[in-house]
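Coordinate analysis (summary)
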Amino acid sequence: MNLSKTNLSKTAILDAASNIGSGVSRRQFIKYSSGLLAAMSAPAVLASTSSVQGHGSDKGAMMKGMQKSAVGLQLYTLRDIMKVSVPATLKLVADVGYSEMEFAGYFDHSAKEIKQLLDDNGLTAPSAHIQLDAFDTNLSQILDDAQTVGHKYLVVPWLSEAQRGTGIAPYQALADKLNTIGEACKKEGITLAYHNHDFEFEVRDGKTPLDVLITQTDPDLVAMELDLYWTVKAGKNPIDYFKQYPGRFKLWHVKDLAEDGSFADVGTGTINFKEIFAHGKLAGIEHKFVERDQTTDRIATIEQGFKAVSALNKGVS
């Protein structure tokens, strides 16, 4: 079921609550969706960061302060709910307190519709995940949509086994390709970024793929989105990467690692986020997105993530 802004009703919300599947209860969904109609029919009461009032250095300081304290969410965490209702999902995350979204698909909504929904809920979307192959076939439309929604970053989120190939050569070729795509993005005021999993830390031909992608891409064209969970799971310390490549990690995925190696809600697992966040300036961090790939209670996950990152932001230096 796809609920648009124009056809959303109380009945539709209740229907959506009955079809969201496991991971969020009907009661939880209704809790956050009950005010959706009113929110959509009235002017947004929350201003996005683009409407901050001020001039010169005062405005710049305010923007940096808001950016530093902002808590983002990678919407892949709520992908099953997004399939049911994008408007209700965005209302839900805004009510939890999130201010920045990272999209992983628009779920049959146009870029213009997504932008309106963001504005209605006082949200921004500084980033979106775009599959690598899509840049080959649809670059112009991707850039147009990014401009419409307001994405400042477009992130390559994943490589298939075929794209990874064997040896280090595929990553060397990928670095060249990222530079080319990044140059096209830069012309539109957008920065390309690359998101890691654990396989980029597997040594190939004596080299580490992530290091190849970092060193063989132009810092002015390609940024890195460091997934803290996958980095730690691979046995690496994110801070070591910040020190080795300062300023390259403009985006983070903040998700936690349970003792058994599975996913955990942020702040309930084993990762020392306090120490990592204390090195935010060294990393070059601009946006932090809570994410959990798999969870049995999606709303509890995003509530805990918001609470944890809000507290951690106070320690960003």
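Residues numbered from 1 in each chain as written. Predicted model: local features only at pLDDT ≥ 70, side-chain atom pairs only at ≥ 80, totals over all residues. Heavy atoms only, no water.

In the annotation of an unreviewed UniProt entry, the chain is listed under the name Twin-arginine translocation pathway signal and assigned to Alteromonas mediterranea 615.

**A closer look at the pattern of salt bridges**
Inspection of every chain in the model, using the stated rule, returns eight salt bridges. A salt bridge links R298 to D80; the nearest nitrogen and oxygen atoms lie 2.5 Å apart. Taken as a pair, R298 in helix α16 (residues 298–312) and D80 in helix α5 (residues 79–84) lie far apart in primary sequence, 218 residues in all. When the shortest N-O distance is used, the salt bridge between K255 and D227 registers 3.0 Å. Of this pair, K255 sits in the loop between β7 (251–254) and β8 (256–257) while D227 is found in strand β6 (residues 222–227), placing the two residues 28 residues apart along the sequence. (Salt bridge = Lys/Arg side-chain N within 4 Å of Asp/Glu carboxyl O. Helix = DSSP H or I, 4+ residues; strand = E, 2+ residues; numbered from the N terminus.)

**Things to note about the packing of aromatic side chains**
Applying the stated rule across the entire model yields twelve aromatic pairs. Seen from their ring centres, Y98 and F306 are 5.3 Å apart, and the 65° between their planes marks the pair as edge-to-face. Remark: F306 occurs in helix α16 and Y98 occurs in the loop between α6 (86–96) and β2 (100–103); sequence separation between them is 208 residues. Judged by its relative accessible area of 3%, Y98 falls in the buried class. (Phe/Tyr/Trp six-rings, centres within 6.5 Å; stacked < 30°, edge-to-face > 60°. Buried < 20%, exposed > 50% of the residue type's maximum accessible area, 1.4 Å probe, protein only.)

**Some words on the packing of α6 against α16**
For any two helices packed against each other, the geometry is given by the interaxial angle and the distance between the axes. At a minimum axis distance of 10 Å, the contact between α6 and α16 shows a crossing angle of 40°. The angle between the axes of α6 and α16 places the two elements in the oblique class. The two elements α6 and α16 cross, and the hand of that crossing is right-handed. Residue-level contacts link L92, V93 and V96 of α6 to I299, I302, E303 and F306 of α16. Considering only residue class, the contact of α6 with α16 consists of six nonpolar, no polar and one charged. (Axes fitted to C-alpha atoms, helices over the stretch in contact; angles between N-to-C directions. Parallel < 35°, antiparallel > 145°, perpendicular 65-115°, else oblique. Left-handed = near helix turned anticlockwise from the far one by under 90°. Contact = heavy atoms within 4.5 Å. Nonpolar A, V, L, I, M, F, W, Y, C, P; charged D, E, K, R; others polar.)

**Some words on the side chain of T301**
Of note, T301 is situated in helix α16. T301 has contacts with T77, D265, R292 and T295, leaving out every residue within four places of it along the chain.

**Points about the confidence of the model for the chain**
The share of residues in the chain with pLDDT of 70 or more is 78%, and the mean pLDDT across the chain is 86. Here residues 1–14 scores under 50 on pLDDT; set against residues more than four positions off or in separate chains, the count is 40 contacts. With pLDDT under 50 throughout, residues 35–55 is counted as low confidence; its partners more than four residues away or in other chains account for 32 contacts. (pLDDT = per-residue confidence, 0-100.)

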